[in-house]
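Structure assessment
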Amino acid sequence: MTAASLETRPQSDHQRLAMAALIFGALAIGAAPIFVRLSQTGPAATGFWRLVFALPILVALSVRREGGMGRATAANLTAGLMFALDLACWHYGIRFTSVANATVLPNLTPVLVTLAAWFLFKEKPRGVFLVGLAVAVAGAVVMALANAGAGAVGTRPHLGDALSISTAFWYGLYFVAVRQARASQSATRVMAWSSLAGAPVLLIVALVLGERIIPADPMLWGPLAALGLVHVLGQGSIAWALGRLPTATAALVVLVQPVAAALLAYAVFGEAMTPIQTLGGVMALAGVVIAQWKGRAAPTEAADA
């Protein structure tokens, strides 16, 4: 049974559990910017250590639950490459362009994923889903614009904007690749192989660009290790849910991530949310609710067959 056909049936306990895992994963990923800020390695190097610290946990889980990692597939290796490119471009986009652009442009991911899922997996969205998608993306944009520093345009804005736009593309392809990989492999194996494939790419980028690879202070290994745990819990939960929910739904629900990040920034760094940011957060969450309310994928001929 395809994910699209599942969406034409009343929501089962498995689907509710998958939605809960998806929301948990998005909330866990919301903690990532906190640890990225606390780390003192280069942008790509930080992503490299994130995957390196996650790998032992993922491999151990694969061995314990399934007796090993199994074979690498083109889909999970592609997922690793796309995720590595996503992290590298996003981190450098933040460095080169304004905070607003670096945050707004990647939020185009749900739009791209919805279109890709429509054409590749026949997961045709209904009108209510598209309305919720528009509201959620608008809310994320409002949050980003409210968070932008006055006059902060970045040192190389055109390059930064291009990198930020490419982030939406890479992350969208990551979702599609994981969705494809989950058709034949468990979430643990997909995550293990994608992390193993992505780590060398990020290390090469960090070395070529002359980044700091090793933290200057031994205490700064803590945030990098925490990023690894966030990766296992966050991306792992999302990968598990992608085996049970439509790709577009997963990409949309992940928009609760900036809301979680804003709340954590307030708790850790005392960065209070402005009324405009709060409005954007409410819009993002409302969009997710609207999309889930009678907005599931419409049945298609392929799904019915």
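Note that the coordinates shown come from a computational prediction; the quantities given were computed from them, not determined experimentally.

One pass over the full model with this rule turns up one salt bridge. Two residues, Arg189 and Glu66, come together in a salt bridge whose shortest N-O distance is 3.4 Å. Pair noted here: Arg189 is in helix α10 (residues 187–208) and Glu66 is in helix α4 (residues 43–66), with a separation of 123 residues, a long-range link. Accessibility expressed as a relative area gives 19% for Arg189, which makes it buried.

If you walk through the whole model with that rule in mind, you get nine aromatic pairs. Seen from their ring centres, Tyr174 and Phe175 are 6.2 Å apart, and the 90° between their planes marks the pair as edge-to-face. Of the residues examined, Phe175 reaches a relative accessible area of 1% and is grouped as buried. Grouped by ring-pair contacts, the aromatic residues Phe48, Trp49, Phe53 and Trp221 constitute a single cluster.

As a further point, take α4. Counted at 1.5 Å a residue, the expected span for α4 with its 24 residues is 34 Å, and the 34 Å between its end C-alpha atoms agrees. Maximum bend of α4: about 35°, positioned at Leu55, with proline Pro56 one to four residues after it. At the exit of α4 stands Gly67, carrying a positive phi of roughly 80°.

Before going further, it helps to examine the nonpolar core. Where a protein is soluble and globular, its nonpolar side chains tend to be buried together. Core analysis: the largest hydrophobic core is formed by 50 residues, its most contacted members being Leu22, Tyr171, Tyr174, Phe175, Val178, Leu202 and Ile238. Breaking this core down by element, the ones donating at least two residues are α2 (13–29), α4, α5 (74–96), α9 (157–181), α10, α11 (221–242) and α12 (247–253). Leaving out residues up to four positions away in the same chain, Leu22 has contacts with Ile238, Ala241, Leu245, Thr249, Ala250, Val253 and Val254.

Here Leu207 lies in helix α10. Overall, the relative accessible area of 56% leaves Leu207 in the exposed class.

Once that is clear, we can look at the confidence of the model for the protein. Put simply, the protein has an average pLDDT of 78, and 78% of its residues get 70 or more. Mean pLDDT across the elements of the protein bottoms out in helix α15 (residues 301–304) (32) and peaks in α10 (94). Every residue in residues 1–10 scores below 50 in pLDDT, and together they form 23 contacts with partners more than four places removed in sequence or on other chains. Confidence drops under pLDDT 50 across residues 295–305; counting only partners more than four residues distant or on other chains, this segment forms 24 contacts.

Residues Val111, Leu115, Trp118, Phe119 and Leu120 make up a contiguous nonpolar surface patch of about 480 Å² in total accessible area. Relative to the helices and strands, Val111 is located in helix α7 (residues 109–120). A residue is classified by how much of its surface remains accessible, and Val111, at 31% relative accessible area, is partly exposed.

Next up on the list: the side chain of Arg182. For Arg182, the location among the structural elements is in the loop between α9 and α10. One buried charge, Arg182, has no salt-bridge partner; the nearest side chain with opposite charge is Glu66, at 8.2 Å. Those residues in contact with Arg182 that sit more than four places away from it in its chain are Ala187, Val190, Ala239, Trp240, Gly243 and Arg244.

Basis of the calculations
Residues numbered from 1 in each chain as written. Predicted model: local features only at pLDDT ≥ 70, side-chain atom pairs only at ≥ 80, totals over all residues. Heavy atoms only, no water. Salt bridge = Lys/Arg side-chain N within 4 Å of Asp/Glu carboxyl O. Helix = DSSP H or I, 4+ residues; strand = E, 2+ residues; numbered from the N terminus. Buried < 20%, exposed > 50% of the residue type's maximum accessible area, 1.4 Å probe, protein only. Phe/Tyr/Trp six-rings, centres within 6.5 Å; stacked < 30°, edge-to-face > 60°. Expected span 1.5 Å × (residues − 1). Bend = angle between axes of the 7 residues up to and from the residue. Core = buried A, V, L, I, M, F, W, Y, C linked by side-chain atoms within 4.5 Å. Contact = heavy atoms within 4.5 Å. pLDDT = per-residue confidence, 0-100. Patch = residues over 30% accessible without salt bridge, like charges linked within 9 Å, V, L, I, M, F, W, Y side chains within 5 Å. Areas by Shrake-Rupley, 256 points an atom, 1.4 Å probe, with all protein chains shown as cover. Lys, Arg positive; Asp, Glu negative; His and termini not counted.

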